[in-house]
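A look at the structure
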Amino acid sequence: GLRLFLYRFFSLAGSVIGTFLLLWGPFCFYGDDEEGGCYAGLVQIVKRLFPFSRGIFEDKVANIWCSLHVIFKVRNKVEDDMMPKLSTILTAILLLPVCINLMTKNKEKSIRRLGLAMSISAFSFYLAGYQVHEKGIIFPLAPLSILWFNNPILIAWLQVFG
C-alpha cells in the first residue's frame, strides 16, 4: 500500500540525488575559489553540455538545419539567440507523435514497439537538435539493433545509410 509506495519513492529519490552528487560533486568541491568556486565550475559544465555560443552550424552534419539552410538560408534570416529555442521547439514537435503513441492505452507491449520508439526519439534529437555531432547517429542506430530479427534488411540499410 502506501508504505511500499513511499519506500520505493524515497529509495528512487535517494539514488537519483546520490548519483547526481557523486557525478557533479567533484566539479563543485574542486572548483577554483578565485574563479567563483562551486558555481563557476557547474556553470562551465553546463556551457560545455549546451554550447549555444558556438552557433548551430559549427559541425556540418546532415540534420534539418544544414539541409534547410541550402534553401532558406537560416543563418541569415533567424537571430542567433532564437536558434536554441527554435531547435527545442522543433525537437519537441518531432517527439510528439512517438510520445502520443507510447501514452495511448490498449496498445501491444513489445520489444519492436520499444525499439522503434527509442530510435524515433533519438532521430528527433539528431535531426533537429542544436550542435549535433557526426557520432550522434549512433544513438538512433543502437536501438534499431533490437529490431534486427524483425526486419534485418531494413535495419542493415538504415545502418549503412547512417
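Residues numbered from 1 in each chain as written. Predicted model: local features only at pLDDT ≥ 70, side-chain atom pairs only at ≥ 80, totals over all residues. Heavy atoms only, no water.

Tallying secondary structure elements over the protein gives eight helices and zero strands in all. Along the protein, from the amino end to the carboxyl end, the secondary structure elements read α-α-α-α-α-α-α-α. Taking contacts inside the protein between residues at least 6 apart in sequence as the whole, the part at least 24 apart equals 53%. For the protein, the computed accessible surface area is about 12400 Å², with 69% contributed by carbon and sulfur atoms. (Helix = DSSP H or I, 4+ residues; strand = E, 2+ residues; numbered from the N terminus. Contact = heavy atoms within 4.5 Å. Areas by Shrake-Rupley, 256 points an atom, 1.4 Å probe, with all protein chains shown as cover.)

As a further point, take helix α2 (residues 37-49). With 13 residues, α2 ought to run about 18 Å at 1.5 Å a step, and its terminal C-alpha atoms sit 19 Å apart, in line with that. The complete set of buried residues in α2 reads G37, G41 and I45. Each buried residue of α2 lies within a common arc of 90° when the element is viewed along its axis, so the set occupies one face. In α2, the exposed positions angled more than 90 degrees off the buried face are occupied by Y39 and K47. The inward-facing, buried residues of α2 abut α1 (2-29). (Expected span 1.5 Å × (residues − 1). Buried < 20%, exposed > 50% of the residue type's maximum accessible area, 1.4 Å probe, protein only. Arc of directions from axis to C-beta.)

With that out of the way, let us pick up the packing of α1 against α2. Working note: a packed helix pair is described by the angle between its axes plus the distance between those axes. Running from N to C, α1 and α2 cross one another at 125°; their axes reach a closest spacing of 7 Å. The angle between α1 and α2 falls in the class oblique. Contacts between α1 and α2 involve W24, F27 and C28 from the former and C38, G41, L42, I45, V46 and L49 from the latter. Split into classes, the residues belonging to the contact of α1 with α2 amount to eight nonpolar, one polar and no charged. (Axes fitted to C-alpha atoms, helices over the stretch in contact; angles between N-to-C directions. Parallel < 35°, antiparallel > 145°, perpendicular 65-115°, else oblique. Nonpolar A, V, L, I, M, F, W, Y, C, P; charged D, E, K, R; others polar.)

Attention now moves to the packing of helix α5 (residues 83-103) against helix α6 (residues 111-128). Running from amino to carboxyl end, α5 crosses α6 at an angle of 170°, the nearest separation of the two axes being 8 Å. Considered as vectors, α5 and α6 are oriented roughly antiparallel to each other. Contact with α5, carried on its side by S87, L90, T91, L94, L95, V98, N101 and L102, involves R113, A117, I120, S121, S124, F125 and A128 of α6 and no other residues of that element.

Within the element layout of this structure, Y130 appears in the loop between α6 and α7 (138-144). When the C-alpha positions of Y130 and P84 are compared, they lie 6.5 Å apart, and in sequence the two are 46 residues distant.

This part covers the packing of aromatic side chains. Tallied over the entire structure, the rule returns three aromatic pairs. Arranged with centres 6.2 Å apart and planes meeting at 20°, the rings of F5 and F9 form a pair that is stacked. Here F5 and its partner F9 are both found in helix α1, four residues apart, which amounts to about one turn of the helix. Judged by centre distance (5.2 Å) and plane angle (80°), the ring pair of F9 and F10 falls under edge-to-face. What makes F9 partly exposed here is its relative accessible area of 45%. (Phe/Tyr/Trp six-rings, centres within 6.5 Å; stacked < 30°, edge-to-face > 60°.)

A few words on the side chain of T91. Along the chain, T91 falls in helix α5. If we ignore the near neighbours within four places in the chain, the residues touching T91 are S124, F125, A128 and G129.

We now examine the confidence of the model for the protein. Residues shown with low pLDDT carry predicted positions that ought not to be read at fine detail. This prediction gives the protein a mean pLDDT of 80; 84% of its residues lie at or above 70. Ranking the helices and strands of the protein by mean pLDDT puts α1 first, with 92, and helix α8 (residues 152-161) last, with 71. (pLDDT = per-residue confidence, 0-100.)

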